[in-house]
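Listed here are the chains, written in short residue letters.
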Amino acid sequence: MAFLMKLCTRQVFSRFTEPACLSLRLSISSSVLMRPGSFNDLEIAKSRVSTLSNDPGNEAKLRLYGLFKQATIGKCSSKKPGMMDFVGRAKWDAWNNLGDMTQAAAIDQYCQYVDLLTSLDTGSQSSSTDLAQYKEIVVTDNNGVRTIMLNRPAKYNAITYQMYSEVQHALEEAAKIDSIVVAMLTGAGNYYCSGNDLSNFTNIPPEGPQKLAAQAKEVLREFVSCFIQFPKVLVAAVNGPAVGISVTTLALCDLVYASENASFHTPFMNLGQSPEACSSVLFPRIMGPAKANEVLLGGRKLTSAEALERGLLTSVFPAKTFSNNVKDLVTSIAELPPKSLMKSKQLLRNVDRDLLEKANKDECDLLEERWLSDECMQAIMAFMQRKK
Ligand code: COA
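Since this is a predicted model, take the numbers as computed values, not measurements.

### A look at the overall build of the chain
Working step 1: Tallying secondary structure elements over the chain gives 18 helices and nine strands in all.
Working step 2: Taken across its 388 residues, the chain has 50% of its residues classed as buried.
Working step 3: The long-range fraction of contacts in the chain, counting pairs at least 24 apart against all pairs at least 6 apart in sequence, stands at 75%.
Working step 4: Summing over all exposed atoms, the chain offers an accessible surface of approximately 18,500 Å²; the carbon and sulfur share of this is 57%.

This is the structure:
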C-alpha cells in the first residue's frame, strides 16, 4: 500500500510539474488568451510548485492536477478510467469535479492555491501560519484544536464572499498543519450564523446577473467541497440561531454541539431558492424523508431539542455552560491518536464522497438557476427593503 501511495504521489506530481508549455499554449482556449497575463500567471505558479521543499500531500496534488487540466484544456470530457486504475480515477475525479468552471477561473484558483501551499511550506507549519491575515473570521490554534469563529456579530455572522474564502482557507490550512487534530466552527455573539449574506446578490457586475450567479455558484461549490474533503475531525459549536447554509453544512460536520438556545432554520422556499451543502442527500438520510422535507421544503424552524431528536445534533448543552462543555469535549478528542482519528474519519467519508460531490454539483446547478429567478430576486429585494 505504501508503495502504491508513493506511486500515486509521483505520478500525480509529475503531471503538473513537468514542462509542457508548448502543448499547453496550443490547447488553451481563446477566452483565456484574451486575459493578458493569465497564461503567464499559470506558468509562474507551475514553476513555483516544483520549488516546494515539503511534499504537499496527495490531496493538494490532485487539486492542482484538476485545476491545471481545467485551466489548460477546459471541462473534462474523457471517460472515467476503469475500476482498477486507482490513480487514473482519482485524477479524473479531481478534474471532472470542477464541472463547468471556466479556464480563466481555473487559472486563478490554481495560482491562489499555489500561493497557499507556498505560504505553508516554510519551517514549522504552525509558526508560518499568519492568523492575523483573516479579516472577517477569527482563527485560533490551541491544544490541537483550530477554532474558526465567524466574526460579524452585528450582521449575525451572515457569510460574505470574503468569509467563504477565509473559512475555506482556514480549513485548508488546518488540513495541512500536523499539530492540528480538530477544526471547530462557531460564531461570535448571540448568533451562530444567519446564512448567506443576502447582499452578496446585490452587487451585480457589468456583465450582468448571469455572471454573478455563475461566480456565486462556484464559490458555493468550492466551499461545500472543502467541507466534504476536509480530512480531519470537523466540529460545529452552534452557539445560537443558525440559518441557511450554516444549518445545511452541519450534516457535513463530524460532531455537532449546540446551545439549548440555538435554532435551525432553512427558509429556502421563502427565498425562491433550493437546498445546498448536500442536504438534499444527507437530511433525508439523517432525519428520514418526511421530517427532512418539513425542514427543507416547509421551512420549519427547529429548536435544539428537536434537532437533537432528529439526529442533526450530537449533544445539546445549557447556554451558560455551553462553551466550557464544548471546550472540554473537543480538547479531549484532540488528545486521541491523530493518525487513527484522521484515517478513521476518511474511512467514514469515503463511503459517500463521490455521491456528496455529485449532490453538491447538482444543488449548485439548481441554485444558479434559482438565483436568477423572479421568485428569488423579489425575496431578496423584500429583505433588503424590509426596514425602509
Ligand atoms: N444577510 C445580510 N444581512 C443579514 C442577514 C443575512 N443573511 N441576516 C441578518 N442580517 C443583518 C440585518 O440586515 C441587520 O443588519 P442592519 O442592522 O444593518 O440592518 C442585522 O443583521 C440584524 O438583523 P435583523 O433582521 O435586524 O434582526 P432580527 O432579529 O429582526 O432578524 C433574522 C434576524 C436572522 C431572522 C433576519 O435578519 C433574517 O431573516 N435574515 C436573513 C436570513 C436568511 O434568509 N439567510 C439566508 C438563508 S438561505
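### Looking at the packing of aromatic side chains
Working step 1: In this structure the tally under the stated criterion is six aromatic pairs.
Working step 2: Ring geometry for Phe68 and Tyr110: centres 5.5 Å apart, planes at 50 degrees, overall tilted. With a gap of 42 residues between them, Phe68 in helix H5 (residues 58-72) and Tyr110 in helix H7 (residues 103-119) connect regions that are remote in the sequence. With respect to burial, Phe68 and Tyr110 carry one shared label: buried.
Working step 3: Geometrically, the ring pair formed by Phe223 and Phe227 is tilted, given 5.1 Å between the ring centres and 55 degrees between the ring planes. Linking Phe223 with Phe227, this pair stays in helix H10 (residues 209-229), spanning four residues, or about one helical turn. A single burial state applies to Phe223 and to Phe227, both of which are buried.

### As for the nonpolar core
Working step 1: Val238 and Phe264 are the most contacted members of the largest nonpolar core, which totals 65 residues.
Working step 2: Grouped together as the second largest cluster of nonpolar side chains are 20 residues, Ala60, Leu67, Ile107 and Leu116 included.

### As for the packing of helix H9 (residues 161-176) against H10
Working step 1: As a packed pair, H9 and H10 sit with axes 10 Å apart at the nearest point and diverge in direction by 25 degrees. Judged by the angle between their axes, H9 and H10 are roughly parallel. The handedness of the crossing between H9 and H10 is left-handed. Here H9 contributes Tyr161, Tyr164, Val167, Gln168, Leu171 and Glu172 to the contact with H10, which in turn contributes Leu212, Ala216, Val219, Glu222, Phe223, Cys226 and Phe227.
Working step 2: Looking at the contact of H9 with H10, its residues break down into ten nonpolar, one polar and two charged.

### Some points on the pairing of strand S3 (residues 182-187)
Working step 1: With six of six residues buried, S3 lies mostly within the body of the structure.
Working step 2: The alternating pattern of S3 places Val182, Met184 and Thr186 on one face and Ala183, Leu185 and Gly187 on the opposite face, and all of these are buried.
Working step 3: As defined by bridge partners, strand S2 (residues 145-150) adjoins S3 across six bridges and the pair is classed as parallel. Among the inter-strand pairings, Leu150 is bridged to a residue of S3, identified as Gly187.

How each quantity is defined
- Residues numbered from 1 in each chain as written.
- Predicted model: local features only at pLDDT ≥ 70, side-chain atom pairs only at ≥ 80, totals over all residues.
- Heavy atoms only, no water.
- Helix = DSSP H or I, 4+ residues; strand = E, 2+ residues; numbered from the N terminus.
- Buried < 20%, exposed > 50% of the residue type's maximum accessible area, 1.4 Å probe, protein only.
- Contact = heavy atoms within 4.5 Å.
- Areas by Shrake-Rupley, 256 points an atom, 1.4 Å probe, with all protein chains shown as cover.
- Phe/Tyr/Trp six-rings, centres within 6.5 Å; stacked < 30°, edge-to-face > 60°.
- Core = buried A, V, L, I, M, F, W, Y, C linked by side-chain atoms within 4.5 Å.
- Axes fitted to C-alpha atoms, helices over the stretch in contact; angles between N-to-C directions.
- Parallel < 35°, antiparallel > 145°, perpendicular 65-115°, else oblique.
- Left-handed = near helix turned anticlockwise from the far one by under 90°.
- Nonpolar A, V, L, I, M, F, W, Y, C, P; charged D, E, K, R; others polar.
- Pairing = 2+ DSSP bridges.

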